[in-house]
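Chain and residue survey
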Amino acid sequence: MTGRLMLLDTASLYFRAYFGVPDSVKAPDGTPVNAVRGLLDFIDRLVKDHRPDQLVACMDADWRPQWRVDLIPTYKAHRVAEEHERGPDTEEVPDTLAPQVPVIEDVLDAIGIARVGVARYEADDVIGTFTARATGPVDIVTGDRDLYQLVDDARGIRVLYPLKGVGTLQLTDEAVLREKYGVDGRGYADLALLRGDPSDGLPGVAGIGEKTAAKLLAEFGDLDAIMAALDDPRAKLTPSQRKRLDEARPYVAVAPTVVRVAADVPLPDIDPALPHAPRDPEALERLAERWGLGGSLQRLLTTLAR
């Protein structure tokens, strides 16, 4: 892919839309459509402000892949609403958001915005693979800091992180990461692994917080070097750090596979070009009428037509 590619962490954005737009925004039949309209407004603003050449809405075909759970059973365990022996577990989602997700998918498809989800993988992995394959600059739009690990100034890869709605975005490059966390994009995954992340059920290394993790990475360079230092009595590790890291060897052995996004997802062949006219105008008209998408949809269509 050439030109500027924009990758949407779609679930992250529609969750933000859902909580940021009042549930008084409803379809003619009274069904809440705040997430649908909020996401359309998000995309409209993103395209206006950043003018990508290509746009892909990346989806969670599997929000909690079994291969990650097999390595760290606590991974996202607190967000499971219902377990299934076959297929992905059901994620805990607000009652009035879940019915809006199929509407979002139908609307994006009718507009012609490329939408990609791959079985057994999260949207983060889809984003990671598109990013690895890109030959031009990439803007990743997400409210999930996990994707900071993909930031790479040399390749023009940055994360647009919403601070308030989508009108205020933190343009996250390596300078921002170094200022906030003391690491670059490559180091962020190691930092997150050591620190842990309760929101994803990642325990981290006991007693190693964010500041200590950043100091260790500054001293040794990366996770592999930190663990190698355990076997060097001259390495600058405190007795407590040595003990904590040594006890965490089983976790550290498997956590990188869980924390780092995949870069080898089997992506389908798609056309990521920004659509200038709806792919299916008739279907889009029916959806707009059925769900009362009004100004949100029209503004986006006007922006795309420019």
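Here's what I pulled together on the structure shown here. (Residues numbered from 1 in each chain as written. Predicted model: local features only at pLDDT ≥ 70, side-chain atom pairs only at ≥ 80, totals over all residues. Heavy atoms only, no water.)

1. Considerations on the overall build of the chain
Scanning the chain for helices and strands turns up 13 helices and eight strands. Computed over its C-alpha atoms, the radius of gyration of the chain comes to 21 Å, within 12% of the 19 Å expected for a compact globule of 306 residues. Relative to its full complement of 306 residues, the chain shows a buried share of 51%. Expressed as a percentage of contacts within the chain between residues at least 6 apart in sequence, the contacts between residues at least 24 apart total 67%. Taken as a whole, the chain presents about 14500 Å² of accessible surface, with 49% of it coming from carbon and sulfur. Counting 37 positive and 50 negative side-chain charges, the chain places the averaged centre of each group 5 Å from the other. (Helix = DSSP H or I, 4+ residues; strand = E, 2+ residues; numbered from the N terminus. Rg over C-alpha atoms; globule rule 2.2 N^0.38 Å. Buried < 20%, exposed > 50% of the residue type's maximum accessible area, 1.4 Å probe, protein only. Contact = heavy atoms within 4.5 Å. Areas by Shrake-Rupley, 256 points an atom, 1.4 Å probe, with all protein chains shown as cover. Lys, Arg positive; Asp, Glu negative; His and termini not counted. Charge placed at Lys NZ, Arg CZ, Asp CG, Glu CD.)

2. Remarks on the packing of aromatic side chains
Under the counting rule described, the total for this entry stands at seven aromatic pairs. Centre to centre, the rings of Tyr 148 and Tyr 188 are 5.4 Å apart; their planes meet at 70 degrees, and the pair counts as edge-to-face. Taken together, the residues span a long stretch of sequence, with Tyr 148 in the loop between β6 (138–141) and β7 (157–164) and Tyr 188 in helix α7 (residues 185–195) at a distance of 40 residues. Of the two residues, Tyr 148 and Tyr 188, neither departs from the other in class, the shared state being buried. Of the aromatic side chains, those joined through ring pairs into one cluster are Tyr 148, Tyr 161, Tyr 181 and Tyr 188. Taking the ring centre of Tyr 161 as reference, the NZ or CZ of Arg 16 above it sits at 5.3 Å. A cation over a ring is seen here: Arg 120 above Tyr 121, with NZ or CZ 5.9 Å from the ring centre. (Phe/Tyr/Trp six-rings, centres within 6.5 Å; stacked < 30°, edge-to-face > 60°. Lys NZ or Arg CZ within 6 Å of the ring centre and 35° of its normal.)

3. Structural notes on the side chain of Asp 146
On the secondary structure map, Asp 146 appears in the loop between β6 and β7. It turns out Asp 146 is buried and unbridged, and the closest side chain with the opposite charge, Arg 195, is 5.6 Å from it. Apart from residues no more than four positions distant in its own chain, Asp 146 is found in contact with Asp 124, Tyr 188, Asp 197 and Asp 200. (Salt bridge = Lys/Arg side-chain N within 4 Å of Asp/Glu carboxyl O.)

4. Regarding the packing of α7 against helix α8 (residues 210–220)
In the contact formed by α7 and α8, the axes pass within 9 Å of each other and the chain directions differ by 135 degrees. If you check the angle between α7 and α8, you find them oblique. In the crossing of α7 with α8, the sense of the turn from one axis to the other is right-handed. Residues Gly 187, Asp 190, Leu 191, Leu 194 and Arg 195 of α7 form the contact with α8, whose own contacting residues are Glu 210, Ala 213, Ala 214 and Leu 217. Counted by class, the contact of α7 with α8 contains five nonpolar, one polar and three charged residues. (Axes fitted to C-alpha atoms, helices over the stretch in contact; angles between N-to-C directions. Parallel < 35°, antiparallel > 145°, perpendicular 65-115°, else oblique. Left-handed = near helix turned anticlockwise from the far one by under 90°. Nonpolar A, V, L, I, M, F, W, Y, C, P; charged D, E, K, R; others polar.)

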